[in-house]
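In case you want the letters, here they are:
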Number of protein chains: 2
Amino acid sequence: MRIYIKDLKNKIGEEVSISGWVNGRRDHGKLIFIDLRDMSGVVQTVVLPNHKDAHKEANLIRPEWVVEIKGKVNARPDKMITEDENGNIELEVFGIKIISEAKELPFEKDTELNLDTYLDYLPLTLRTKEKQAVFKVQACVVQAFRDFLISEDFTEIQAPKIIGADAEGGAGVFEVDYFGNESYLATSPQFYKQIMVGVFEKVFATGNVYRAEKHSTSRHINEYTSLDFEMGFIKDHTDIMEMENKFFQFLTKALKEKCQKEFELLEVEIPEVPENIPSMKLKKAQEILKKEYGEDCVGELDLEPQHERWLCEYSQKEFNSDFIFITHYPVEKRPMYTYEDENDKGFTKSFDLLFRGAEITTGGQRIHDYDELVKAIEKKGLDPEKFSFYLQAFRYGLPTHGGIGMGLERLTAKLLNIKNIKEATLFPREINRIDTLLNK
Amino acid sequence: MRIYIKDLKNKIGEEVSISGWVNGRRDHGKLIFIDLRDMSGVVQTVVLPNHKDAHKEANLIRPEWVVEIKGKVNARPDKMITEDENGNIELEVFGIKIISEAKELPFEKDTELNLDTYLDYLPLTLRTKEKQAVFKVQACVVQAFRDFLISEDFTEIQAPKIIGADAEGGAGVFEVDYFGNESYLATSPQFYKQIMVGVFEKVFATGNVYRAEKHSTSRHINEYTSLDFEMGFIKDHTDIMEMENKFFQFLTKALKEKCQKEFELLEVEIPEVPENIPSMKLKKAQEILKKEYGEDCVGELDLEPQHERWLCEYSQKEFNSDFIFITHYPVEKRPMYTYEDENDKGFTKSFDLLFRGAEITTGGQRIHDYDELVKAIEKKGLDPEKFSFYLQAFRYGLPTHGGIGMGLERLTAKLLNIKNIKEATLFPREINRIDTLLNK
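Computed from a predicted model, the values in this text were never measured in an experiment.

**Here we look at the relation of the copies chain B and chain A**
Take chain B, turn it by 180°, move it 0.0 Å along the axis, and it overlays chain A with an RMSD of 0.0 Å. Such a combination of rotation and displacement between the chain copies is what one expects of a two-fold axis. Taking the C-alpha atom as reference, chain B places B:Val176 closest to the rotation axis, 2.3 Å from it. With an isologous cut-off of 70% or more, the 100% of interface residues of chain B that recur at the interface of chain A puts this contact in the isologous class.

**Considering the packing of aromatic side chains**
Under the definition given, this model contains 42 aromatic pairs over all chains. For the ring pair A:Phe191 and A:Tyr390, a centre distance of 3.7 Å and an interplane angle of 10° mean the geometry is stacked. One end of the pair, A:Phe191, is in helix α5 (residues 190–200); the other, A:Tyr390, is in helix α11 (residues 388–395), and 199 residues separate them in sequence. In this structure A:Tyr390 comes out as buried when scored by relative accessible area, which is 2%. Aromatic side chains B:Tyr314 and B:Phe319 sit 6.1 Å apart centroid to centroid with 80° between the ring planes, which places their arrangement in the edge-to-face category.

**What to know about unusual backbone geometry**
In terms of backbone geometry, most residues other than glycine have negative phi values and most peptide bonds are trans. For A:Glu267, which is not a glycine, the phi torsion comes out positive at approximately 55°. With respect to the helices and strands, the residue A:Glu267 is situated in the loop between α7 (260–265) and β12 (279–281). At B:Phe233, a position not held by glycine, the phi torsion is positive, near 60°. Within the secondary structure layout, B:Phe233 lies in the loop between β11 (223–232) and α6 (237–258).

**Some remarks on the domain arrangement of chain A**
Residues and elements named next belong to chain A. Domain annotation for chain A reports domain 1 (5–100) and domain 2 (122–437). Of note, the centres of domain 1 and domain 2, computed from C-alpha atoms alone, are 46 Å apart. At the junction of the two partners, domain 1 supplies seven residues and domain 2 supplies five residues. When domain 1 packs against domain 2, the two sides together hide about 480 Å² of surface, and 42% of this comes from carbon and sulfur. Counting across the domain 1 and domain 2 interface gives one salt bridge. A salt bridge links Arg127 to Glu64, with the shortest nitrogen-to-oxygen separation between them at 2.8 Å. A breakdown of the residues in the side of domain 1 that touches domain 2 according to their chemical character gives two nonpolar, one polar and four charged.

**Let's talk about the sheet that holds strand β5 (residues 89–100) of chain A**
All names here are of chain A. Sheet architecture is closed into a barrel: five strands sit in the order β1-β2-β3-β5-β4, paired in mixed fashion. On average, each strand axis in the sheet is inclined to that of its neighbour by 50°, with strand direction left out of account. Judged from the seven bridges that link them, strand β1 (residues 15–28) and strand β4 (residues 66–75) form a sheet pairing that is antiparallel. The residue bridging Ser19 from the neighbouring strand is Glu68, located in β4. Sheet strands touched by helix α1 (residues 52–60): β1, β2 (31–38), β3 (41–47) and β5. Its angle to β5, the strand with the most contacts, is close to 70°.

**Here we look at the side chain of A:Asn420**
All names here are of chain A. With respect to the element layout, Asn420 can be found in the loop between α12 (408–415) and β17 (429–430). For Asn420, a relative accessible area of 15% translates into the label buried. Each residue touching Asn420, except ones within four places of it in the same chain, is listed here: Leu115, Thr217 and Ser218.

**What to know about the pairing of strand β4 (residues 66–75) of chain B**
In this sheet, strand β5 (residues 89–100) of chain B lies alongside β4(B) in antiparallel orientation, the contact comprising ten bridges. In the strand pairing of β5(B), B:Ala75 is matched with B:Ile89.

**Structural notes on the side chain of A:Gln143**
With respect to the helices and strands, A:Gln143 occurs in helix α4 (residues 129–151). The class for A:Gln143 is buried, based on a relative accessible area of 6%. At 3.1 Å, the side chain of A:Gln143 forms a polar contact with the side chain of B:Asp147. Once you skip the residues sitting within four places of it in the chain, A:Gln143 turns out to touch B:Gln143, B:Arg146, B:Asp147, B:Ile150 and B:Glu156.

**What about the pattern of salt bridges?**
Pairing is possible between side chains of opposite charge, provided their charged atoms come close. Residues and elements named next belong to chain A. Enumeration according to the criterion identifies 70 salt bridges over all chains in this entry. Put simply, Lys193 and Asp228 hold a salt bridge, and the shortest N to O gap is 3.2 Å. Of this pair, Lys193 sits in helix α5 while Asp228 sits in strand β11 (residues 223–232); the two residues are 35 residues apart in sequence, bridging distant segments of the chain. Side by side, Lys193 and Asp228 carry an identical accessibility label, which is buried. Among the charged side chains, a network of salt bridges with common partners joins Asp116, Asp120, Lys422, Glu430 and Arg433.

**Observations concerning the interface of chain B and chain A**
On the side of chain A, 102 residues touch chain B, which itself brings 102 residues to the contact. A buried area of about 8,500 Å², summed over both sides, lies between chain B and chain A, and 61% of it is on carbon and sulfur atoms. Linking chain B to chain A there are six salt bridges. For the salt bridge of B:Asp371 with A:Lys103, the shortest nitrogen-to-oxygen distance reads 3.2 Å.

**A short note on the packing of α5(A) against α11(A)**
Residue and element names in this part refer to chain A. Interaxial distance between α5 and α11 falls to 9 Å at its minimum, and their mutual angle equals 30°. Looking at the two axes, α5 sits roughly parallel to α11. Crossing hand, α5 versus α11: left-handed. Contacts between α5 and α11 involve Phe191, Tyr192, Gln194 and Ile195 from the former and Phe389, Tyr390, Ala393 and Phe394 from the latter. When its residues are assigned to classes, the contact of α5 with α11 shows seven nonpolar, one polar and no charged.

What counts and what doesn't
- Residues numbered from 1 in each chain as written.
- Chains lettered and ligands numbered in written order.
- Predicted model: local features only at pLDDT ≥ 70, side-chain atom pairs only at ≥ 80, totals over all residues.
- Heavy atoms only, no water.
- Least-squares fit on C-alpha atoms with pLDDT ≥ 70 in both.
- Contact = heavy atoms within 4.5 Å.
- Phe/Tyr/Trp six-rings, centres within 6.5 Å; stacked < 30°, edge-to-face > 60°.
- Helix = DSSP H or I, 4+ residues; strand = E, 2+ residues; numbered from the N terminus.
- Buried < 20%, exposed > 50% of the residue type's maximum accessible area, 1.4 Å probe, protein only.
- Domains from an automatic or database assignment.
- Buried area = accessible area lost by both parts, 1.4 Å probe.
- Salt bridge = Lys/Arg side-chain N within 4 Å of Asp/Glu carboxyl O.
- Nonpolar A, V, L, I, M, F, W, Y, C, P; charged D, E, K, R; others polar.
- Pairing = 2+ DSSP bridges.
- Axes fitted to C-alpha atoms, helices over the stretch in contact; angles between N-to-C directions.
- Polar contact = N/O pair within 3.5 Å; in protein donor to acceptor, adjacent residues only side chain to side chain.
- Parallel < 35°, antiparallel > 145°, perpendicular 65-115°, else oblique.
- Left-handed = near helix turned anticlockwise from the far one by under 90°.

What follows is the structure in structure tokens.
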């Protein structure tokens, strides 16, 4: 009966069977040390020469071979104890069974790799404690998002990704040949979320979305997982901000319960989420940038990355918050469905959430009136006829509503202080790469 | 403060505020009855002429208008009580506030629609108790899949859908123009699941997959949500079948806890899942088909839909089970990564799970040895070079492993006895339709 390596520390003196990958092997002639890794951890095993068969196998095996090892769990003598998770135990090997061999590795496992080599060899390079930790946290984030929204009476929806018209108005989309018809990959589940407010009032989706952006930056990838929710019968965008605020409180609680070990390993703090995340209008934020940082961007339509970094610094300093909402982006900068503030014409009831120097969410109230929306579509120079399916939701009555969209990979990167989003994405798609480098 | 309609029955005699859609309106001159629908249910409200302002509004409003209604919850006189969920209460309306108007509906809401009209008007036609129930159940299924696997120490992964080579060998895939490069939409997350067994041992994914199948049947759609898991260190395919068996027990328990109301509304039984789902080899199944149903298909490579229906009937009769595993499909019929049974050459350690007349899962053990897999790829007439990224997982050591893939929409259809899978898919993509009918 196989046991996990993490449970060995409770089995001192017992005979056990473990299975996993050879993480490292040190041959001291008579003694051969094998570090074995499974999904739960790493442990040192030692093969003594008196276990002849095991010693023969231990001579053969190499890093990343998959083996089953039987042996006895011993406490290590005091002076040998290391700071590793299983530093105070060692497995004395009685028998080794080889499950799978591996070819010679292209580089030593603890070599510092450049990003391209890391990406070229993902099936191998993802096999480290650090990468396991990153993607464990990511899995926890997406499930926390769902758990929270289910607890708030939201219903999950499966939004299609092959679409006939683009939610954001047509820029930067991938084309799909759909049985000879023009079609695109969705840049967000926006339309379907809104349609489904008409059915369930409160809905969420977690699925892949696509941006055919040609630039390669440390914060963009071409396919990512989008966390989206949308809810009806709201007073205004502040109801959405409140819901998101509550989500982040839920998330950090979940991370503390389930991923403490991963954050410690990666040497990152789980953020504190204020009861009320500070919020200010874009106009106000631009005034602060001018006054505090000497940056004259007053009247610009959006924030630059550097502005976002400064505003996060400011929020940290002034409000003791890693998070800050910036609201009221101009109508011309937001998608056609964005709700214009009656009391601040030209500006929208929309927001971005900034966190540790970057925008991680876009959200807001949407237009719910059919005639208003048709007008807004026309104002953007688009043809309402193309949106006839989507427009049905409004034609046949939709309440006030709004929601958010958030990239799972960017959020993971920010939570874990990972500089390049590609390292917070399992198999990143970028302009020159789909797994392997593209020829063209 | 808005309350949900489902909670009204606990508020008899109280003044409340509810919001929702006008589900129906009956004008009796002095009395106007409005059925109001929200995410939680439907209730009858009555507007008396003495509430003049409300009466004026009630004269204006039409089906699917979105309104806020204030009033008092009254118990209905005994003889008026209906069998509806809120049949014993009625809201006496004091005030109505219109949130959104709706244009005239294209048909009466309770009209029996043909499938095409239903699909043409999804933003409207999804707004029924029955459709709410179907997609509530679907949301519950996908979350139960995740909850179960997390409880079994699986880690969720985000598998990319834009791929350079196809898991199943190239047939029936959609092409994507990826910055001028050839690329495809994934037919399954198979390769990435297997790669990730090397990282986490046990992984799952719930995401969209694509099949460019040109036929339009009642059991195929071109984009669907695939529920996938993959696990390492297995003895053989029976470990996978056991895990799936346990999932279905978990699922039906979750459905009984969370979706009893929906199953009752749809008049369907939640299935019972045996402790051990019966299992037989394909060869044996074909013999039974011959003996019991006079169908001579012995030696054929796969089962026909009618065969699957008969085998489910047989399983029900002989084993009192809605479920039956069929194992050992021929090597030539299964993908290149399928594990051949050493003791039954020519046949694989793979299986289908049949449920209520149809195959709902394909699964099995996979080849884990690099050299074996390269040989198997070549045997299928494919070029291993094309699979070099995927093959790294094997090159650098992978344990015995296997898993399953299962279509969420087909499972939903079978659970709810829905004849056509398009009615168990929110926004089905089919050869002639992306939301609206295609021109070509």
